[in-house]
Amino acid sequence: MSERAELDSESLASRVVAAGVVELSVRGETPAHAGEIRRACNDAMDAVAGEVLGSVTEAEVARTLNELEADGVVEGVREDTSPAGKGRPNYRLVPPADAVRAALADDDRTAGLADRIESLDA
């Protein structure tokens, strides 16, 4: 296992969104926009132990991605722009996927997410 990403101060929702980005990264599907990350999070929700989050909305994911970007967990990339010069940002991991997975494994609530991600590598 490699280094651990710093997720100690992140909420459960932030950890779930980070796990969604990791899962897409492992699959080679990043950078990804909030809608794609939302789908990955909702698909993995059954692996979250403890608190019941239900499903997450794209707006919640977008807010959480902004927080994760401020904390250095993800990086926003603007590749596609509209005619007005604005576009939906796409996100990719900053730390290695293994480091985020290791941090998720350290939390009993998100250990199932780490296992799910590890099974993608196999």
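The model shown is predicted, which means the values in this text are computed figures rather than measured ones.

Conventions and cut-offs
Residues numbered from 1 in each chain as written. Predicted model: local features only at pLDDT ≥ 70, side-chain atom pairs only at ≥ 80, totals over all residues. Heavy atoms only, no water. Helix = DSSP H or I, 4+ residues; strand = E, 2+ residues; numbered from the N terminus. Buried < 20%, exposed > 50% of the residue type's maximum accessible area, 1.4 Å probe, protein only. Areas by Shrake-Rupley, 256 points an atom, 1.4 Å probe, with all protein chains shown as cover. Expected span 1.5 Å × (residues − 1). Contact = heavy atoms within 4.5 Å. Salt bridge = Lys/Arg side-chain N within 4 Å of Asp/Glu carboxyl O. Axes fitted to C-alpha atoms, helices over the stretch in contact; angles between N-to-C directions. Parallel < 35°, antiparallel > 145°, perpendicular 65-115°, else oblique. Nonpolar A, V, L, I, M, F, W, Y, C, P; charged D, E, K, R; others polar.

A.B. asks: Teacher, can you tell me more about the overall build of the chain here?
C.D. replies: Helix and strand counts for the chain stand at five helices and two strands. Along the chain, helices (α) and strands (β) appear in the sequence α-α-α-β-β-α-α when read from the amino end. The buried share of the chain, taken over its 122 residues, is 42%. Carbon and sulfur atoms make up 44% of the accessible area of the chain, which amounts to about 6,300 Å² in all.

A.B. asks: How should I be thinking about helix H3 (residues 58-70) in this particular structure?
C.D. replies: Since there are 3.6 residues in each turn of an α-helix, residues three or four apart along the chain are aligned in direction. In a regular helix each residue adds 1.5 Å, so 13 residues correspond to 18 Å; H3 covers 18 Å between its end C-alpha atoms and thus fits that length. In this structure, the buried residues of H3 make contact with helix H1 (12-26), helix H2 (34-44), strand E1 (74-77) and strand E2 (90-93). Gly72 occupies a position one or two residues after H3 and carries a positive phi of about 80°.

A.B. asks: Looking at this structure, I do not really get the side chain of Ser14. What am I missing?
C.D. replies: Examined against the element boundaries, Ser14 turns out to sit in helix H1. Using a relative accessible area of 2% as the deciding quantity, one classes Ser14 as buried. For Ser14, the residues in contact, after removing those within four places along its chain, are Thr64, Glu67 and Leu68.

A.B. asks: Teacher, can you tell me more about the pattern of salt bridges here?
C.D. replies: Pairing is possible between side chains of opposite charge, provided their charged atoms come close. With the rule as written, the count across this model stands at six salt bridges. Two residues, Glu23 and Arg27, come together in a salt bridge whose shortest N-O distance is 2.8 Å. Taking the shortest distance from any N to any O, the salt bridge between Arg92 and Glu75 comes out at 2.8 Å. Within this pair, whereas Arg92 is found in strand E2, its partner Glu75 is found in strand E1, the two being separated by 17 residues in sequence. Under the relative-accessibility criterion, Arg92 is labelled partly exposed at 33%. Overlapping salt bridges bring together Arg15, Asp107 and Arg109 as one network.

A.B. asks: Can you help me understand the packing of H1 against helix H5 (residues 111-121) in this one?
C.D. replies: Each packed pair of helices is defined by two parameters, the angle between the axes and the distance between the axes. In the contact formed by H1 and H5, the axes pass within 10 Å of each other and the chain directions differ by 5°. Judged by the angle between their axes, H1 and H5 are roughly parallel. On H5, the residues touching Val16, Ala19, Val22, Glu23 and Val26 of H1 are Leu113, Arg116, Ile117, Leu120 and Asp121. In the contact of H1 with H5, the residues fall into seven nonpolar, no polar and three charged.

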